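Summary of structural features
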Amino acid sequence: MEIGVGSLASHRAFRAEHGLVTPSWYPSRVSPLLAPSLSSRALRMPGVSARGLSIEERKQLAVNLIRVLERYRSILDAYIIEFFTDSLWGTLPRSWQEALDGLSSPQLATLLLGMPKEGEVVRYRSVWPLTLLALKSTACALAFTRTPGFQTPSEFLENPSQSSRLTAPFRKHVKPKKQHEIRRLGELVKKLSDLTGCTQVVDVGSGQGHLSRFMSLGLGLVVKSLEGDQTLVERAQRLDQELLQALDKMEKRHPKVVQRGPRHSPHHVVQWVSPTALCEELLLPLEDPGQSGTRLLLTGLHACGDLSVALLRHFCCCPEVVALASVGCCYMKLNDPGSYPLSQWVAGLPSHELPYRLREGACHALEEYAERLQKAGPGLQTHCFRAALETVIRNACPELRRPGVQGIPRVNELKIEEYVQQGLQRVGLDPQLPLNLAALRAQQAQENRVVAFFSLALLLAPLVETLILLDRLLYLQEQGFYAELLPIFSPELSPRNLVLVATKTPLGQAFSALESEDS
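Computed from a prediction, not measured in an experiment: that's the story for all the values here. Throughout, a residue's number is its position along its own chain's written sequence, starting from 1. It should be noted that, the model being predicted, local features are given only for residues of pLDDT at least 70 and side-chain atom pairs only at 80 or more, the latter also being counted only at that level, while totals for whole chains, interfaces and linings use all residues. As a rule here, side-chain values cover all heavy atoms of the structure and leave hydrogens and water aside.

1. Considerations on the overall build of the protein
Per the convention used, a helix needs a DSSP run of H or I reaching at least four residues, while a strand needs a run of E reaching at least two, with both numbered from the N terminus. Looking only at helices and strands, the protein features 21 helices and 9 strands. Throughout, the Shrake-Rupley method with a 1.4 Å probe supplies accessible areas, and for residues the shown protein chains are the sole cover considered. Summing over all exposed atoms, the protein offers an accessible surface of approximately 22800 Å²; the carbon and sulfur share of this is 51%.

2. Looking at the pairing of strand β3 (residues 200-204)
For every residue, the accessible area obtained with a 1.4 Å probe (protein chains only) is divided by the maximum for its type, and the residue is called buried under 20%, exposed over 50%, and partly exposed between those limits. Within β3, 5 of the 5 residues are buried, which leaves the element mostly enclosed by the surrounding structure. Burial along β3 is two-sided: Gln200, Val202 and Val204 and Val201 and Asp203, pointing in opposite directions, are all buried. Strands are labelled as partners when DSSP assigns at least two bridges between them. Alignment of β3 against strand β6 (residues 296-304), held across 4 bridges, turns out to be parallel. When the bridges of β6 are listed, Gln200 appears paired with Leu296. With 4 bridges connecting them, β3 and strand β4 (residues 223-227) associate as parallel partners. Considered in β4, the bridge of Val201 is made with Val223. Read as a crossover between parallel neighbours, the route from β3 over helix α10 (residues 210-218) to β4 is right-handed. Look down the strands so they point away from you; if the path from the first strand over the helix to the second goes clockwise, the crossover is right-handed.

3. Let's talk about the packing of aromatic side chains
Only the six-membered ring of Trp is used, alongside the rings of Phe and Tyr, when aromatic pairs are assigned; centres must lie within 6.5 Å, and planes under 30 degrees apart are stacked while those over 60 apart are edge-to-face, with the rest tilted. Scanning the entire structure with this criterion turns up 8 aromatic pairs. Between Tyr124 and Trp128, the ring centres sit 5.0 Å apart and the planes meet at 85 degrees, which makes this aromatic pair edge-to-face. When sorted by exposure, Tyr124 lands in the same class as Trp128, which is buried. Seen in terms of ring centroids, Phe315 and Phe481 are 5.1 Å apart; in terms of plane orientation they differ by 70 degrees. Their pairing is edge-to-face. Of this pair, Phe315 sits in helix α13 (residues 306-317) while Phe481 sits in the loop between α20 (447-478) and β8 (482-487), placing them 166 residues apart in sequence. The burial state of Phe315 is the same as that of Phe481; both residues are buried. Grouped by ring-pair contacts, the aromatic residues Phe83, Phe84 and Phe453 constitute a single cluster. One cation-aromatic arrangement involves Arg357 over Tyr79; the distance from NZ or CZ to the ring centre is 5.1 Å. Two conditions define a charge sitting above a ring: the NZ of Lys or the CZ of Arg must be within 6 Å of the ring centre, and it must be within 35 degrees of the ring normal.

4. Some points on the nonpolar core
Ranked by size, the top nonpolar core spans 121 residues in total, and within it Ile75, Phe83, Leu100, Trp128, Phe144, Leu463 and Leu476 carry the most contacts. Val174, Leu217, Leu301 and Ala325 belong to the second-largest nonpolar core, a separate cluster that totals 33 residues. Residues belong to one nonpolar core when they are buried, are Ala, Val, Leu, Ile, Met, Phe, Trp, Tyr or Cys, and are joined through side-chain atoms within 4.5 Å.

5. Details of unusual backbone geometry
Here the amide bond leading from Tyr340 into Pro341 is cis, since omega sits at -10 degrees, within 30 degrees of zero. Along the chain, Pro341 turns up in the loop between β7 (321-329) and α14 (344-347). Look at His173: it is not a glycine, yet its phi comes out positive at around 70 degrees. Structurally, His173 is set in the loop between α8 (168-171) and α9 (176-196). Residues other than glycine seldom take positive phi values, yet Ala376 does so here, at roughly 50 degrees. Here Ala376 shows up in the loop between α16 (366-375) and α17 (382-396). By relative accessible area, Ala376 is classed as partly exposed at 42%.

6. Observations concerning the packing of helix α6 (residues 105-112) against α20
At a minimum axis separation of 10 Å, α6 and α20 run at an interaxial angle of 25 degrees. Taken together, the axis directions place α6 and α20 in an arrangement best described as roughly parallel. Both α6 and α20 take part in a crossing whose hand is right-handed. When α6 is examined against α20, the residues Ser105, Leu108 and Leu112 are found in contact with a partner set consisting of Asn448, Val451, Ala452, Ser455, Leu456 and Leu459. Polarity classes work like this: nonpolar for Ala, Val, Leu, Ile, Met, Phe, Trp, Tyr, Cys and Pro, charged for Asp, Glu, Lys and Arg, and polar for all others, with Gly in that last group. For the contact of α6 with α20, the class distribution of residues is 6 nonpolar, 3 polar and no charged. Axis angles are defined between N-to-C directions and span 0 to 180 degrees, where every axis is a line fitted to C-alpha atoms and, for a helix, only to the segment in contact. Should an angle fall under 35 degrees it is taken as roughly parallel, and over 145 as roughly antiparallel, whereas 65 to 115 is taken as roughly perpendicular and any remaining angle as oblique. Crossing handedness is read from the near helix: turned anticlockwise from the far helix by less than a right angle, it gives a left-handed crossing, and turned clockwise, a right-handed one. Every residue pair with non-hydrogen atoms within 4.5 Å of one another is taken to be in contact.

7. Some points on the confidence of the model for the protein
Here the protein averages 88 in pLDDT, while 88% of its residues score no lower than 70. Confidence scores labelled pLDDT are given residue by residue by the predictor and lie between 0 and 100. Model confidence for the protein, summarised as mean pLDDT per element, is weakest for strand β1 (residues 37-39) at 35 and strongest for α14 at 98. Per-residue pLDDT stays below 50 along residues 1-10; that stretch engages in 32 contacts with residues further than four places along the chain or on separate chains. Overall, residues 25-45 carries pLDDT values under 50, and its contacts beyond four positions in sequence, including any with other chains, amount to 72 contacts.

8. Brief notes about the pattern of salt bridges
Only one rule defines a salt bridge in this text: a Lys or Arg side-chain nitrogen within 4 Å of an Asp or Glu carboxyl oxygen. Inspection of every chain in the model, using the stated rule, returns 23 salt bridges. Of the charged contacts, one joins Arg146 and Glu367 as a salt bridge, the two residues approaching to 2.3 Å between their closest N and O atoms. You can see Arg146 sitting in the loop between α7 (130-142) and α8 and its partner Glu367 sitting in helix α16, a full 221 residues away along the chain. For Glu367, a relative accessible area of 12% translates into the label buried.

9. Describing the sheet that holds β8
For sheets, the rule is that strands pair by backbone hydrogen bonds, running either parallel or antiparallel. Pairing is mixed in the open sheet, where 7 strands are placed in the order β5-β4-β3-β6-β7-β9-β8. The open sheet has two edge strands, β5 (267-270) and β8, and neither has a second partner. Strand-to-strand twist in this sheet, taken as the mean axis angle between neighbours without regard to direction, amounts to 15 degrees. Each of β3, β6, β7, β8 and β9 (498-503) touches α9; the most contacted strand, β6, lies at about 160 degrees to it. Packing of helix α11 (residues 230-253) onto the sheet brings it into contact with β4 and β5, and relative to β5 it is tilted by some 165 degrees.

10. Regarding α10
Taking burial as the measure, the 9 residues of α10 include 8 buried ones, the bulk of the element. Buried residues in α10 make contact with α8, α9, β3, β4, α11 and β6. Once α10 finishes, Gly220 follows within two positions and takes phi at roughly 80 degrees, a positive value.

Right, here's the structure in full:
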C-alpha cells in the first residue's frame, strides 16, 4: 500500500502529550508528515535557526529538547554492538518494528532520516504509526538547522580535490574538507574582525596552522597560533616558509595579477590552554596596539572537547577579547560536570544530564551515513557483524563487555564466522573457539534491523548537539553578551558545521554580513 499517514494535528498531539510548548517560531505546516508521495525537496526538514530566536524562545527550546531526549534516552543510550546481547530490537514499540522491519537501506535514508536522493519521489509502502512519524518530525524540527543560508556553486565541481576558491599555494598539503573549512571560517573571521575593530586574531588549537596561514598570508590578518603539540607547531612553521616561497614565485610569474602587500606569517606558540585557568600567552599582543588598546578575536576550527569551553571562558572573563568565532567538536571529551551545562538555565532543568554515550552519538555524521544508506554498500554490515561478535565474546568471557576491536580490514569480503574469528583474536580470546554457525547466520539475517535501530539513534543525535550548543548560547547571554550560531560549512563535507559567534557589543544589521558568501 503506497500511502502516507500523518498530519499536523498528530504532530501537535505528540508535542502536547510530552509537554512540549509550541513556540512562535515553530513551523505552522509540517510538510514531511507525509502525503502519499512527496518530492525530495518537500521532505527535507529545515530545522530551527538559532538566530531567529529570542532568549525566552531559546530557553523553551532547551526545555523541549530535554523532554524529548529523556523520553527516548533508551535509544540514545544503547550501544549498537549490544543489539543482540541486549535484544535492542525488542525494546522498540511493536508498531515501530512492523514499520521499519524489512526496509532497505535506501528506504531508511529516505523515509526515516528524510534524506532522499535528488528528485526522488517518496512513497510509503505501509501505514506508519503516528508516534514514529511525529518523533521523526519533532527530531528534525527541534534541531538547529545545519544548512547554510547561502547557496553557491560547489567549489569542487571542476576538481573534487581542489577548491576553485583557493589559490594553488593555499591548497597544497590541505585536504578538500579542510580547504572548504579554512576558507569559510577564515572569511567569517575577517569580516568579524573588521566589524569589531580587532587588532589580532588568536587561533587556539591551531594544529598544522592551515587556518592561521590562510588568515594571515591570505587575508592579511595579524594572527597568533596556539598549539599544545610541539611537533605540530614545528610542522606549521615549515609549511609557513613553504607557502611564502610559493607566493613569491607566483608574484614573479604574474606580477600584474598578484598584488604584493605586507605579509605577516602567523606567530606560532607551543601552548596548552586549560579550560579552567587563564592563559596569559593567549592575551599577549604581537604588536603595540597603541592608544586604542589590544582587541582580540578568538577562533578555533573544531576546538576539541574542553578547548571550545576554554575559548568561551576567556571571552567572558577577559576585557581584551571582544569577539569569538568557534566551531566545536568531540563532545564526548567534555569534562562532566564542568563543561556542560554552562548556563544556569540548563543546569536548573530536571534531567538535563548528557552522559558520555549521548555526547559520543552527537558526533556522528548524519548526512554521511544517509549517503551510505542510499548507496547500500557492503560496509553497512559492519555493525551487525560486530554485534554478533559481542554475543560470542560474552558467551566465552561474560565479564568482558564492549572491548575495543581494532579495525578488521575488508569486512565486506569476509564471512561472518571469519570476522568473528579475527575479532576474537584481537580481544585476546581463542580464535578457534567453537562457533554456533546457525546462530551467526540468523544474526546476519537481521542486518536490516541493526541498521534501522542505528538510524533511529542517528535521527535523535542532532538534538544532543543542539542542546550542547544551545547551552553555550544561553551561557553567553546570561553574562550579558551577544551570541549566535551559524551553519557555515557544507554538512556533507563537514558535519560539525555550526560556528558560535559572540561579541561584547551588538552588531545589529551588520551581523548579516557574516552569513553571506564572498563572491
